[in-house]
Amino acid sequence: AQTIHQWPVAEIKAVGSPLSLGCTIKGKSSPNLYWYWQATGGTLQQLFYSITVGQVESVVQLNLSASRPKDDQFILSTEKLLLSHSGFYLCAYRGREQYFGPGTRLTVL
Amino acid sequence: QQQVRQSPQSLTVWEGETAILNCSYEDSTFDYFPWYHQFPGESPALLIAIRPVSNKKEDGRFTIFFNKREKKFSLHIADSQPGDSATYFCAASAQSNYNVLYFGSGTKLTVEP
């Protein structure tokens, strides 16, 4: 069975500070991986997807970047956080369907 | 441009009733339609999905009805239970790129006992 882990569980960061969120999936080789953002009370907005190591496609621009350094790892980052980056960040993988990880809750002050 | 429209924004039903959640789309190339539910503080969980080789998909109390001509699909929750209270999201993607999934705005369902 596949398991997806996200870290950290929650972060409180200052405006202008850097950010790095991680996602790891176990039990599935060469997974398609995804990053989503959800504002409090809002819908899910896909940010990036990656189908292989070293390759990342952007879906929307939110002053964020993503990288796929390993087959089982997907990283979301930015050098300067904005207040608008606050929200719930979700990593997902695709098996027959798409499944979400537990998420990271980010508060930017 | 919103790819997937969802209504109503909120819905309250009594326990035992059927809740009906609606979605529509514009892109005729969309051919995969999942529904997720999300409880407060948790991540979304897949409920049921349809790839419309048929117009209906059932899984227990949950049924998706799909109307290709009108570009609409709906989720029916039969015999609603208080534990079904959550936010429900519909979504859609196209065969040309299953890696991009467009979500509706969500329906907050409350089931009153």
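Refer to the structure above for everything that follows.
Here the residue numbers are simple positions, counted from 1 along each chain's written sequence. Written order decides the labels, with chains lettered from A and ligands numbered from 1. Side-chain atom pairs in this predicted model are given and counted only at pLDDT of 80 or more, local residue features only at pLDDT of at least 70, and totals for whole chains, interfaces and linings cover all residues. Side-chain metrics in this entry use all non-hydrogen atoms of the structure; hydrogen atoms and water are not considered.

Enquirer: Explanation requested: the pairing of strand 10 (residues 97-103) of chain B in the structure shown.
Expert: The side chains of a regular strand alternate, residue by residue, between the two faces of the sheet. All names here are of chain B. Here, strands pair whenever DSSP counts at least two bridges between them. Labels follow the DSSP assignment, with helices taken as runs of H or I lasting at least four residues and strands as runs of E lasting at least two, numbered in each case from the N terminus. Where strand 9 (residues 86-94) lies against strand 10, 3 bridges are found, and the strand directions are antiparallel. Each residue of the ladder has a partner; that of alanine 92, found in strand 10, is tyrosine 102. Hairpin connection, strand 9 to strand 10: the antiparallel pair is bridged by 2 residues.

Enquirer: Looking at this model, I keep getting lost on the sheet that holds strand 8 (residues 72-77) of chain B. Mind explaining?
Expert: Residue and element names in this part refer to chain B. Taking strand neighbours across the sheet as the criterion, the 5 strands line up as 1-3-8-7-6 in an open arrangement whose pairing is antiparallel. Each having just a single partner strand, strand 1 (4-7) and strand 6 (56-59) make up the two edges of the open sheet. Strand after strand, the sheet turns through a mean of 15° between neighbouring axes, direction not considered. Axis lines are fitted to C-alpha atoms, over the contacting stretch for helices. Their N-to-C directions set the angle, which ranges from 0 to 180 degrees.

Enquirer: Please explain the state of the cysteines as it appears in this structure.
Expert: Put plainly, two cysteines are in a disulfide when a covalent bond ties their sulfur atoms together. The criterion for a disulfide is a pair of cysteine sulfur atoms lying within 2.5 Å. If you walk through the whole model with that rule in mind, you get 2 disulfides over all chains. The partner cysteine of cysteine 23 of chain A in its disulfide is cysteine 91 of chain A, sulfur to sulfur 1.9 Å. Linking cysteine 23 of chain A and cysteine 91 of chain A, the disulfide has an S-S dihedral of approximately -70° and is accordingly described as left-handed. Taken together, the residues span a long stretch of sequence, with cysteine 23 of chain A in strand 3 (residues 19-26) and cysteine 91 of chain A in strand 9 (residues 87-94) at a distance of 68 residues. Each member of the pair cysteine 23 of chain A and cysteine 91 of chain A is classed as buried. Between the sulfur atoms of cysteine 23 of chain B and its disulfide mate cysteine 90 of chain B the distance is 1.8 Å. Disulfide cysteine 23 of chain B to cysteine 90 of chain B: torsion about the S-S bond roughly -95°, handedness left-handed. Burial classification: accessible surface area is computed with a 1.4 Å probe over protein chains only, and a residue below 20% of its type maximum counts as buried, one above 50% as exposed, and the rest as partly exposed.

Enquirer: Explanation requested: the side chain of serine 17 of chain A in the structure shown.
Expert: Residues and elements named next belong to chain A. Tracing the backbone shows serine 17 in the loop between strand 2 (10-13) and strand 3. Polar side-chain contacts of serine 17 include one of 2.5 Å to the backbone oxygen of alanine 14. Sequence-distant contacts of serine 17, defined by excluding residues within four places in its chain, comprise Glu79, Lys80 and Leu81. In the analysis that follows, any N or O atom pair within 3.5 Å is treated as a polar contact, provided that within protein one partner can donate a hydrogen and the other can accept it, and provided that, for residues neighboring in sequence, both atoms belong to side chains. Residues are treated as being in contact if the distance between any of their heavy atoms lies within 4.5 Å.

Enquirer: I'm lost on the interface of chain A and chain B in this one. Help?
Expert: Interfaces are frequently sized by the accessible area removed from exposure as the parts join. Contacts between the two partners involve 22 residues from chain A and, on the opposite side, 19 residues from chain B. Here the quantity called buried area is the accessible surface, traced with a 1.4 Å probe, that two parts lose on coming together, added over both. Taken together, the two surfaces of chain A and chain B that pack against each other cover about 1600 Å², and 49% of this comes from carbon and sulfur. Within this document, salt bridges are pairs made up of a side-chain nitrogen of Lys or Arg and a carboxyl oxygen of Asp or Glu, the two lying within 4 Å of each other. Where chain A meets chain B, there are 1 salt bridge. Salt-bridge contacts for glutamate 97 of chain A lead to arginine 51 of chain B; the nearest nitrogen and oxygen are separated by 3.3 Å. Elements that contribute at least two residues to the side of chain A that touches chain B include exactly strand 4 (32-38), strand 5 (44-52), strand 9 and strand 10 (98-100) of chain A. Its residues assigned to classes, the side of chain A that touches chain B shows 11 nonpolar, 7 polar and 4 charged. In this classification, the charged set is Asp, Glu, Lys and Arg, the nonpolar set is Ala, Val, Leu, Ile, Met, Phe, Trp, Tyr, Cys and Pro, and all remaining amino acids, among them Gly, are polar.

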